[in-house]
Amino acid sequence: MSDGTLLINGTTHPFKPGQTILEVAEEAGIAIPTLCHLKGTTPTGACRLCVVEVKGARNLLASCSTPAENGMEVTTDSPTVMSSRKMTLELLLSSGNHDCITSGAGTDARELFNARAEAEGHSEHLCPSWGDCKLQEYALAYGATGTAYPRSKPTYPPELKNPMIIRDFSRCILCGRCVQACNEVQVNEAISYGYRGSESKIVALGDLPLGQSACVFCGECVQVCPTGALVDKKSKGIWRPWDVETIRTTCPYCGVGCQQILHVKEGRIVKITGDEEGLPNKGRLCVKGRFGYDFIYSDERLTTPLIRENGEFREASWDEALDLVADKLKGIIAESGPDAIAGVSCARSLNEDSYQMQKLFRGVFKTNNIDHCART
Amino acid sequence: MTNSFGEFDHAKMFFIIGSNMTEAHPVASTFLKNAVKNGAKLIVADPRRQNLVKYADLHLQLKVGSDIALLNALMHVIIEEELFDPTFVQENTEGFEALSAEVAQTSPEAMAPICGIEAEAIREAARMLASVRPAMLCYTLGITEHTCGKNNVMSVANLQMLLGNMGVECGGVNPLRGQNNVQGACDMGALPGVFHGYQSVVDPSVRQKFEAAWGVTGLSATPGLMIPQMMDGLVDKKVRAFWIFGENLANTEPDIRKVEHELSSAEFLISQDIFLNETTAFAHVVLPAAAWSENDGTFTNSERRVNRVRTASTPPGAAKPNWWIFKELAKRFGQTWPSNSAQEIWDNEIAALAPNFKGITYNRIETNGLQWPCPHADHPGTVFLHKEGQFTRGKGAFTPTTWTPPAEVADAQYPFVLSTGRRLYHYNARTQTGRCEGLDDLLGEETCDISPGDARRLGIHPEETVRVSSRRGAVEVKARVTREIPDGMIWMSFHFREGNSNWLTNPAYDPETLTAEYKACAVQVEKI
């Protein structure tokens, strides 16, 4: 490991000690496809999709796990490399339930989806990650069709038992990104590789359902899964990548302030992911941040002002309710002074809301009796 | 927090006291665990064998409420063995002699019976803590929710100043804030003594500034009431109207029977909320508010970072943004406030009127937020405070503190110590998480967390419903028998109305901050 330069596709690029070929290429803006690689974690070299040709090496090398060396000559797009990647993709496609590629039907995932949905009369059964799948994306790019090898039958039934995460092992390519995310990113240490050979499976604590394992449902595994093997249960079938807009916001739960991407369909949040560029969380979320959004759509939401009359609430207009509040407060201030009014602001709501409330109490009522639950 | 979450993953030493980070601040804990996996040392001081203990080099399993005894004993060793930072103490602090005199009395041997930790373990912890500089000290409500909460905070600050761990990257005193915007609510002046940006109501020049800016006269120079005083005021009628915005006090304040008596005594109660709840039940008027993703605005996180919140969907029915509701009320008092959006409120008032926020405007926080202090438009924000040992008041003042026991301790009638906190799958009174599909499936009811030894002694089986009672009330909940809990202790939360720990908790307060002692009261546990 040393500082130096290497050649990638005939151009010289500097590198820092410890950088892999993949990292140098990424910095230089040279795209290398990856499936198992998860930034910031130990490379596993499991998928072999990121192979490159290195002059003098006997075989193609996985760029994610090969350190850059001074004077190295790397080719990322030679015919050998391209055909190796295509074969890898064919093997992966045949390894499970990856039926999303139709030979000769074009390379646009959305068009393929629409064509299939039309042909089959419905779309609910189509893979929930269609259009958001690295395997599909690369298969289409490399012209892999999934027909080169006989397709394996699924070894394991899906896990549908827990309320948050669908684990569809028939779509798992054993890339291990979920294992890395769980163990090296979030360090919840709930899942690992289990069994061997064709029986291989990602397992939680001796192959138990997630709910009986150390899983805390942070959903980091779902976020990093490159296929449809791990899916948000709440979003399944509702969320499709082409019919949501994404909005960045801040999580409404604890004081860490994680940056979220809201996936909004027809004015309704249907999924949340972490913003990889966002500080301080760098893409990470917890169970509440990822899955705790649908309270806003509860039927129990307050939709109109209420005024108590004869012990019961009745609906009122804003004018009526605010006039009543103003009259009552004016009366109390006139009789007992402004300090007979007190208010508690909300530590869950916006800065702008708390500012306005204290402005109301101080600047309008003329009392400093304003506090909030900082002590709870 | 004096420092930032971004420092967690490359910090070399952590001292975590009174913070159940993996459940209360899960994402922050992931960066801490990353650091530990990369070789950082971790000392966890907590009465419970909580999740972080698995990653800790040392677990100081102190008795509930003995924090000052432990911290003073650690400082005793650090001074006795000259492990402190003499340069920092000399140049950046004052009051070292007084601190030395206080902790001279608090040898590990003397404090061991109070803490329930062997003297040698305390000595070992002091040496380990001093062996790697800087160390990040993090705490949460385990420090503050005690009748000695303020002194607890002073003690952790004393320790970090003594070690010279202030004003440096990967150091500092770092309270992880509970609510998403509790930092912001403080910053915005939802406190009885300060306008936003911590500008004192007592200072005439500050009042003049706000009188001019708001176009008003006669701003009050008298600091107002804190929540417990307001609640008392409802009963003695000194407070006649009470406006509760987005708080379910009936579930979250200690001693629910007392709280409900106070709320029911209110002459005129206004509740502004997104749902009906146990508190709105006492209201005379309920105002329906927009929720989180239904309006634009900002939250400020624990590390003082002002982040954008954006609209994703419209509020239901006639529900309105909260800032609009306050503005409309002001109008009925003859005041027309010019700002008419969250951005106008922030840019034209909040930033303009507080030096610490002056450089933060919406156009600068489109992507990542900025951390205050941020005094001007070119300022990059402040990642850690007190750089080069410069404190707000000049030199950092050591404030010697003496251990005091919780207001209520276990006795023959109530032989267990109840401590309380939050669980991973819910948030406070479950107003939100209780209405999210799936979260109740992950945790559907409150439990009484009890040690295997105590459960065996009382003949209590896992999942068996037990009765937990205190001098305030009683609840019936299932027993969760777990090795997390030491003998003699019970642990619960206030997430659920049924089995809510606040039927039991003690409304005893820190005399200065009026923070309640949620973390310690005496209870009895019985088979039914």
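The rules behind the values
- Note on numbering: residues in each chain are counted from 1, in written sequence order.
- For naming, the first written chain is A and the first written ligand is 1, with later ones following in the order written.
- Residues qualify for local features only when their pLDDT is at least 70, as the model is predicted, and side-chain atom pairs are given and counted only at 80 or more; totals for whole chains, interfaces and linings, by contrast, use all residues.
- The side-chain numbers reported here are obtained from all heavy atoms of the structure, hydrogens and water having been left aside.
- By definition, residues are in contact when any of their heavy atoms lie within 4.5 Å.
- For any pair of parts, buried area is found by adding up, for both, the accessible area (1.4 Å probe) each one loses once the two are put together.
- One speaks of a salt bridge when a side-chain nitrogen belonging to Lys or Arg is within 4 Å of a carboxyl oxygen belonging to Asp or Glu.
- Polar contacts, as used here, are pairs of N or O atoms within 3.5 Å; protein pairs need one atom able to donate a hydrogen and one able to accept it. Residues neighboring in sequence count only if both atoms are side-chain atoms.
- Under the scheme used here, helices are H or I runs from DSSP no shorter than 4 residues and strands are E runs no shorter than 2 residues, and both carry numbers assigned from the N terminus.
- Under the scheme applied here, ten amino acids are nonpolar (Ala, Val, Leu, Ile, Met, Phe, Trp, Tyr, Cys and Pro), four are charged (Asp, Glu, Lys and Arg), and all others, including Gly, are polar.
- Strand pairing follows a simple DSSP-based rule, namely that at least 2 bridges must link the two strands.
- Only the stretch in contact is used when fitting a helix axis, every axis being a line fitted to C-alpha atoms; angles between N-to-C directions are given from 0 to 180 degrees.
- Just so you know how the angles are binned, under 35 degrees is roughly parallel, over 145 roughly antiparallel, 65 to 115 roughly perpendicular, and the rest oblique.
- For the domains described, the bounds stem from an automatic or database domain assignment.
- pLDDT: the predictor's confidence for each residue, scored from 0 to 100.
- Relative accessibility thresholds used throughout: buried, under 20% of the residue-type maximum; exposed, over 50%; partly exposed, between the two (1.4 Å probe, protein chains only).

**Section: the interface of chain B and chain A**
Contact with chain B, which involves 149 residues of that partner, is made by 113 residues of chain A. Between chain B and chain A, a total of about 11,100 Å² is buried, with carbon and sulfur atoms accounting for 62% of that surface. In this structure, the connection of chain B to chain A is made through nine salt bridges. The interface formed by chain B and chain A contains 78 residue pairs in polar contact (both at pLDDT 80 or more). In terms of residues, the side of chain B that touches chain A owes the most to one element, helix α15 (residues 322-331) of chain B, which gives nine residues. Grouping the constituent residues of the side of chain B that touches chain A by class yields 79 nonpolar, 41 polar and 29 charged. Strand direction decides the pairing type here: strand β15 (residues 341-345) of chain A and strand β9 (residues 241-245) of chain B, joined by four bridges, are parallel. Counted as the bridge partner of glycine 343 of chain A is tryptophan 243 of chain B from β9 of chain B.

**Overview of the packing of helix α6 (residues 108-115) of chain B against helix α7 (residues 119-131) of chain B**
All names here are of chain B. Interaxial distance between α6 and α7 falls to 8 Å at its minimum, and their mutual angle equals 110°. In this view, α6 runs roughly perpendicular relative to α7, as classed from their interaxial angle. Seen from α6, the contacting residues are Pro108, Glu109 and Ala112; seen from α7, they are Ala119, Ile122 and Arg123.

**Some points on the sheet that holds strand β13 (residues 305-309) of chain B**
Residue and element names in this part refer to chain B. Spatially, three strands are ordered β12-β13-β14 in an open sheet, and the strand pairing comes out antiparallel. Edge positions in the sheet fall to β12 (297-300) and β14 (370-371), since each of these pairs with one other strand and no more. Note that β13 and β14 share two bridges and pair antiparallel. Bridged to arginine 305 within β14 is glutamine 371.

**Here's the deal with the sheet that holds strand β16 (residues 370-372) of chain A**
Within the open sheet, the seven strands sit side by side as β14(A)-β13(A)-β11(B)-β10(B)-β9(B)-β15(A)-β16(A). Their pairing is mixed. Of all strands in the sheet, those bounded by a partner on one side alone are β14 (312-315) and β16 of chain A. Going from strand to strand, the sheet's axes swing by 20° on average, the running direction of each strand aside. Seen against the sheet, α15 of chain B touches β9, β10 (268-273) and β11 (285-288) of chain B and runs at an angle of roughly 155° to β9 of chain B.

**Re the domain arrangement of chain B**
Residue and element names in this part refer to chain B. What the domain assignment lists for chain B is domain 1 (5-172), domain 2 (182-389) and domain 3 (416-527). A separation of 33 Å is found between the C-alpha centroids of domain 1 and domain 2. Contact residues are listed per partner, giving nine residues for domain 1 and ten residues for domain 2. With both sides pooled, the region where domain 1 packs onto domain 2 buries about 630 Å², and carbon together with sulfur makes up 56% of that total. Considering only the side of domain 1, the residues that lose the most area to domain 2 are Phe5, Glu7 and Gly167, jointly responsible for 61% of the buried surface there. Counting the contacts that link domain 1 with domain 2 gives zero salt bridges. Inspection of the domain 1/domain 2 interface yields two residue pairs in polar contact (both at pLDDT 80 or more).

**Here's the deal with the confidence of the model for chain B**
Chain-level statistics for chain B give a pLDDT mean of 98 and a share of 100% at 70 or above. Taken over the whole predicted complex, pTM reads 0.97, whereas the ipTM for its chain interfaces reads 0.98.

**Some points on unusual backbone geometry**
Between leucine 279 of chain A and proline 280 of chain A the backbone carries a cis peptide bond, its omega angle lying at 10°. With respect to the secondary-structure elements, proline 280 of chain A resides in the loop between β12 (268-274) and α7 (287-291). A cis geometry characterises the amide bond from arginine 133 of chain B onward to proline 134 of chain B, with omega recorded as -10°. Within the secondary structure layout, proline 134 of chain B lies in the loop between α7 and β5 (136-139). Non-glycine residue lysine 282 of chain A carries a positive phi angle of around 50°. Relative to the assigned elements, lysine 282 of chain A resides in the loop between β12 and α7. Given a relative accessible area of 36%, lysine 282 of chain A falls into the partly exposed group. Backbone geometry at histidine 386 of chain B places phi at a positive 60°, although glycine is not the residue there. Residue position: histidine 386 of chain B is located in the loop between β14 and β15 (396-397). Histidine 386 of chain B sits in the buried class, given a relative accessible area of 18%.

**Observations concerning the pattern of salt bridges**
If charged atoms from side chains of opposite charge come close, those side chains can pair. Residue and element names in this part refer to chain B. Under the defined criterion, the tally for this structure stands at 53 salt bridges over all chains. Between glutamate 94 and arginine 393 there is a salt bridge, with the nearest N and O atoms lying 3.1 Å from each other. Residue glutamate 94 is found in strand β4 (residues 93-94), and its partner arginine 393 is found in the loop between β14 and β15; the two are separated by 299 residues along the sequence. For glutamate 94, a relative accessible area of 36% gives the class partly exposed. A residue is classified by how much of its surface remains accessible, and arginine 393, at 55% relative accessible area, is exposed. Because the salt bridges share partners, they merge into one network encompassing Arg48, Arg423, Glu446, Asp449, Arg480 and Glu484.

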